Amino acid sequence: MKDKQLYMIGNAHLDPVWLWQWQEGFQEAKATFRSALDRMKEYDDFVFTSSSAAMYEWVERSDPAMFEEIRQRVKEGRWVIVGGWWIQPDCNIPGGESFVRQGLYGQRYFKEKFGVTAKVGYNVDSFGHNGMLPQILKKSGMDYYVMMRPMPNEKGLPGRLFRWRSDDGSEVLTFRIMYEYLSWGKDLENHVRRVLGEFKEPLNDLMFFYGVGNHGGGPTKENIESIRRLNGREDLPKLVFAAPDRYFRDMENKGLDLPVVHGDLQHHASGCYAAHSGIKQWNRRAENKLIAAEKFSALAYWLTGQPYPAAELKQAWKNVLFNQFHDILAGTSIEPAYEDALYLYGEAMAIGDRALNYAIQSLSWRIGIEQDESMLPIVVFNPHAWASRVNVELEVGGIKPNAVLLDDQGRPVPFQTVKSLAAARGRFRLSFMADLPPMGYRVYKLVKESESIRPVGETLAFVLGGGENPYLLPERNVTLALRHLNGQTLPRNAKVYPEILDYLGWCSWDAFYHEVDEKGLLAKAEELQRLGLPVRWVMIDDGWSEVRDRKLYGMDADPVKFPRGLAHTIEALKRQYGIRWVGVWHTIAGYWNGIHPDSGMAHELRENLYVTRRGNVIPHPDAGRGFGFWHAWHGYLARQGGDFVKVDSQSAVHNFLRHHLPIGQAASAAHTALEASAALHFDRTIINCMGMSAENIWHRPVSAVSRNSDDFVPQERHGFREHALQNAYNSYYHGAWYWGDWDMFWTENHDDVQNMVLRAVSGGPVYFSDALVRTDPARVRPLIYRVKAAAVRENGGAARPLPSFGASAAGQHPVLRHPHGPGTDRFHTGDRAGQLHSRASGIGISGRHGGRAVRLLQAASRCGARPDAATCRFGQRDPAQPAFAAHLRRAVRHAAFHSARSGRSVGRGGPACGGRTGHREGPSVRGPMLDIRLRRMTGGGIHPCAAPIFMV
């Protein structure tokens, strides 16, 4: 065994605080040092190893004579200083600056007092070690490291001795202590025999740590005598008194091929990181306070001559570094120890507060701010090396209701007042978001009372109105809202309906859901062409884009689903199947969880993107920078042949930015950026989706179409009732701002006719979403009519549509017959003639006017089923003419009102109240073409009248 060697490391692990307070640790440190000095007098070959500059300073201040003895032993090389840090801290929780300060203050102290610096990092009892420590150790002059935790059962390592590498490539030769950093009992034979199994080729040399520890003590006489005795045994390794420095030098000289470990060394006692949150919070607050105080104190010293408080800040840092001792910061000490820690943090914070205040007062008084009694200047400093957007709160007095906050460019800044911390009247707590330059300041001015400048950023929360006329009420509320919105949006009557949406459309969502691909889209387009249905636009909905982790990864389509790219699919739809326009779906954040941070677009457009506190990457909330993202992506989509967009998840603006910006400001910027790009690339054609929150409704500049409900789910047996209710209810107010998109539907469905009626009266886009071979053309044709170019010319250019649905023999009326064939009960005869009713939904249009509505719809349906005839009339009324629309509108309105008066429930929103609608013809036809338009009765839709809600 004599070819193997144990380096016997005499030490005394001393916890200055643990199951005792620092005063007891102070006494034990002195007793331990005294014992080590006495052993050196008794044994010439004895070597002692010790760390932690804080305990040396205790001895220096309380026992100068002992301190001088230690200095002499250090010169002899028998007292070896390791660690190089102020204390043995927790090695996970402190900030990076604190680890640097541990080395700065520790190594500086050892150099000043003993003329040496430690070469070995030494944290034998810390509960884990973060992966960047090799860099910090190396830059602090320490090439080696000793640790013990985590133990082998907590983390496997390739050996006791290895090279530990940090992310920057720095390496320190590291040793993991075997079993314990101390020894129990007087004789060490059992401890020595226990480690014999740790010798593994090529490593025949290990360190063995001995000495009474935790509460101090160090090597005893019996320990030293037993080492001398055991060294004479042939069945045991060679035992030599040494320090870690010698061991590491010897191992390096052997040139061993040692394994490399990269990353953290974790974890031991993980629960400690959830214990005593207070000490962890105090630590971080103190760290940040002192860093800020140092930065601005240095600036003030250079710029204004303010004295730099070096000695005070040094003492403050020593307090913080001591409290980072692993048994204090981890939360494992006794309760009184945390009262002591709070005193030290309190002293450090007080020093930091004073230094910071002196510095920024010195700097701010040299800023040229005009004197104005009506204005309160607010100077906000940023201690970071990067630009910051932060919430600022401060106590002020004398704010009037018409107060305005201005930035340094004279622009109004959103702010709010919250409850003051003071109980006295006249005090307010001002809260606002400040945009600050790196390592600089910004001046804000609170104009306490202003008649000429209007505050901004105040989101209109709600508009409350009352009255007895339910038709005038939304108009009055809209007028009031517009007055407060200052032109941020327009009412519907001032907007332009997109021409594309005048035509029949088809959407991929309910047909394919996320499995949409080029093959399916082209197959469906071919089917629609074969059925003779004049679908003029197609919406490629969710599922087309390239995403990872529910985040947008690229500008083009998923390469698996669209192997030839989006442009190829769009070109094929248009060239082969007569689709005139193709729309593309995306969310207001790009995709549901934003944009993937590792994507090429995130890198290329980083100046136009923003990272939220939750880590989501989204278009920048500054409208100008956000526009840059949309301009790049929309421009790309337009070059692929895209003609318009459907923008989903718009209410998510609040979810992404609710802790960053006032929601009105965030929504206004998001919609402004989006619509500016859509105007540039898609002639303002947007279908807004899932954005019926007030902040969305009130902040879209010019877009004209918005989803009016939640998703319609055609598979649900009773889904139509709720869907009809939502659209009727929402259009009561929503219809004053937008044409409502009442969502797609299936033509082969248990509620197909009701869905057709609902879209006919919506006034918005009409599009279905049938899967392959699931389209019933008879359900689609009643919703369309034709406008012939020749007829337009004959009518002097007027867009009066001519019927071409087909009819029976000239002069005869179409025969009323059951559109679904015998055995169905959707249309009733006899006493209940004309009642449009679904047993599944429970919604009905009943009574005299209901019968009229059904007969008109039956006529339209019958005509639509026979497109070969020349004309189609019902009672001398052309179904495509405004008179037909008005007649149907009145019938539906009065029928719905009849249901409301009779107490029939229309879903959970209460009784329904019919609303006014108006006919809107499609745009005029230009050129010798055949345009297939939608028959739509537009206006506000059917308005419910829920008295308990609206009648105040």
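Predicted model, so just to flag it, every value in this text is computed and none were measured.

Cut-off values and rules
Residues numbered from 1 in each chain as written. Predicted model: local features only at pLDDT ≥ 70, side-chain atom pairs only at ≥ 80, totals over all residues. Heavy atoms only, no water. Helix = DSSP H or I, 4+ residues; strand = E, 2+ residues; numbered from the N terminus. Buried < 20%, exposed > 50% of the residue type's maximum accessible area, 1.4 Å probe, protein only. Contact = heavy atoms within 4.5 Å. Areas by Shrake-Rupley, 256 points an atom, 1.4 Å probe, with all protein chains shown as cover. Pairing = 2+ DSSP bridges. Phe/Tyr/Trp six-rings, centres within 6.5 Å; stacked < 30°, edge-to-face > 60°. Axes fitted to C-alpha atoms, helices over the stretch in contact; angles between N-to-C directions. Parallel < 35°, antiparallel > 145°, perpendicular 65-115°, else oblique. Left-handed = near helix turned anticlockwise from the far one by under 90°. Nonpolar A, V, L, I, M, F, W, Y, C, P; charged D, E, K, R; others polar. Salt bridge = Lys/Arg side-chain N within 4 Å of Asp/Glu carboxyl O. Polar contact = N/O pair within 3.5 Å; in protein donor to acceptor, adjacent residues only side chain to side chain.

Another aspect to go through is the overall build of the protein. For the protein, the count of helices and strands is 28 helices and 35 strands. Expressed as a percentage of the 952 residues in the protein, the buried residues total 56%. Within the protein, contacts between residues at least 6 apart in sequence are counted, and of these 76% link residues at least 24 apart. Looking at the protein as shown, the accessible area adds up to about 40,200 Å², and 51% of this sits on carbon and sulfur atoms.

So, about the pairing of strand β21 (residues 551–557). Walk down a regular strand and you will see the side chains alternate between the two sheet faces. Of all 7 residues making up β21, 6 are buried, and the element is well covered by its neighbours. The antiparallel pairing of strand β20 (residues 545–548) with β21 creates a hairpin that spans 2 residues between the two strands, and Asp549 there sits at a positive phi of about 55°.

With that settled, the discussion passes to the packing of aromatic side chains. Per the counting criterion, the structure on display carries 41 aromatic pairs. Residues Tyr503 and Trp581 carry aromatic rings whose centres are separated by 5.3 Å and whose planes lie at 45° to one another, so their mutual orientation is tilted. With a gap of 78 residues between them, Tyr503 in the loop between α13 (472–485) and β18 (505–507) and Trp581 in strand β22 (residues 581–587) connect regions that are remote in the sequence. In terms of burial, Tyr503 and Trp581 fall into one category: buried.

The description of two helices packed together rests on the angle between their axes and the distance between the axes. The geometry of helix α15 (residues 518–530) relative to helix α16 (residues 566–577) is characterised by a closest axis approach of 10 Å and an angle of 10° between their N-to-C directions. Considering their axes alone, α15 and α16 lie roughly parallel with respect to each other. The two elements α15 and α16 cross, and the hand of that crossing is right-handed. Contacts between α15 and α16 pair Glu518, Leu521, Leu522, Ala525, Glu526 and Gln529 from the former with His568, Thr569, Ala572, Leu573, Gln576 and Tyr577 from the latter. Residues of the contact of α15 with α16, tallied by class, amount to 6 nonpolar, 4 polar and 2 charged.

With that settled, consider the pattern of salt bridges. In a structure, side chains of opposite charge can pair up when their charged atoms sit close to one another. Evaluation of the coordinates by the stated rule reveals 47 salt bridges. As a salt-bridge pair, Asp38 and Arg34 come within 3.4 Å of each other at their nearest N and O atoms. In this pair, Asp38 and Arg34 both sit in helix α1 (residues 22–42), 4 residues apart, roughly one turn of the helix. The class for Arg34 is partly exposed, based on a relative accessible area of 26%. Notably, a salt bridge pairs Arg160 with Glu198, separated by 3.0 Å at the nearest N-O pair. In this pair, Arg160 is assigned in the loop between β5 (144–147) and β6 (161–165) and Glu198 in the loop between α6 (189–194) and β8 (205–210), connecting sequence segments 38 residues apart. Connected through salt bridges with shared partners, the residues Arg34, Asp38, Lys41 and Glu69 form a single ionic network.

Inspection of the secondary structure puts Arg700 in the loop between α21 (694–697) and β27 (705–707). A distance of 2.9 Å separates polar atoms of two side chains, one belonging to Arg700 and the other to Gln650. The contact partners of Arg700, leaving out residues within four places of it in the chain, are Gln488, Thr489, Leu490, Gln650, His671, Glu675, Asn688, Gly691, Ser706 and Tyr738.

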